[in-house]
Amino acid sequence: MSGAADRLAVVVLISGSGTNLQALIDAAADDGRFTVACVISNRADAGGLARAAAAGIPTRVVDHTRYADRAGFDSALGDAIDACGAQLIVLAGFMRILTDALVARFRGRMLNIHPSLLPAFQGLHTHRRALEAGVREHGASVHFVTAELDGGPVIAQARVPVLAGDDAATLAARVLAREHVLLPEVVRWYADGRLEMRDGRAWLDGAAIETPRQC
Ligand code: GAR
């Protein structure tokens, strides 16, 4: 196994319970292809902070309510990310809209997991909206972050069926279980140097991703 210095330093941004963060922590421990170098939350009460602490990972809180505007918050957030020595930034349930300036600062080095089969259901309340729309399939997507909210090039998706009797909670749980496999897999691709964003597209193994990979 390679030493810690050889591993990709991943900084994970969270706002909530951090089950996707946990999946990344577990994957990093299992195969050592990357390391979770730091966890940053915009909320001091995010449950994921305890997960990080339990794994001995440094944490930072950059509380958005302490900044007068988005630009000030994003500037501080960007400085916190850089202070962690981030090579890749993963938004794992990070519920703040980022400014164009912050996205540009980390262009090509920032991934987001979104609970829908993008481009369907960008934004919030994806599970409820999927049920209301009557779709038969739902899921999650991992994409590079660009200035367009939930609009960057999609890398990979996990699909689940919508079952009779589902409500938003049962559907969300089915999707979330698949997120925990999907997100570490994409981070591994990046850590292995297989994945990049170029010319506004996602590339895997030197080929542009026309249709998101299914995980
Ligand atoms: C996940 O379902 C993630 O896809 C979603 O928040 C949840 C976080 O769960 N992200 C978004 O909605 C981003 N717009 P977790 O804190 O247990 O990982």
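Residues numbered from 1 in each chain as written. Predicted model: local features only at pLDDT ≥ 70, side-chain atom pairs only at ≥ 80, totals over all residues. Heavy atoms only, no water.

How would you sum up the pairing of strand 4 (residues 88–91)? Please name residues and give values.
Covered by surrounding structure in strand 4 are L88 and V90 together with I89 and L91, the residues of both alternating faces. Pairing of strand 4 with strand 5 (residues 110–114), which is carried by three bridges, proceeds in the parallel orientation. What sits directly across from V90, in strand 5, is L111. What joins strand 4 to strand 5 is helix 4 (residues 100–105), and the crossover it makes is right-handed. (Buried < 20%, exposed > 50% of the residue type's maximum accessible area, 1.4 Å probe, protein only. Helix = DSSP H or I, 4+ residues; strand = E, 2+ residues; numbered from the N terminus. Pairing = 2+ DSSP bridges. Right-handed = clockwise from strand over helix to strand, strands pointing away.)

If you had to explain the pairing of strand 8 (residues 195–198) to someone new, which residues and values would you point to?
Here strand 8 shows one buried face, formed by L195 and M197, and one open face, formed by E196 and R198. Inspection of the sheet shows strand 8 paired to strand 9 (residues 201–204) by four bridges, in the antiparallel sense. Each residue of the ladder has a partner; that of L195, found in strand 9, is L204. In textbook terms, the turn of a hairpin is the stretch between consecutive antiparallel strands, and for strand 8 and strand 9 this stretch comprises two residues, one of which, D199, has a positive phi near 55 degrees.

Break down the packing of aromatic side chains for me, citing the residues and quoting the values.
According to the stated counting rule, one finds one aromatic pair in the structure shown. Directly above the aromatic system of W203 lies the positively charged group of R198, at a separation of 4.0 Å from the ring centroid. Over the face of the ring belonging to W203 we find R201, whose NZ or CZ atom lies 5.9 Å from the ring centre. (Phe/Tyr/Trp six-rings, centres within 6.5 Å; stacked < 30°, edge-to-face > 60°. Lys NZ or Arg CZ within 6 Å of the ring centre and 35° of its normal.)

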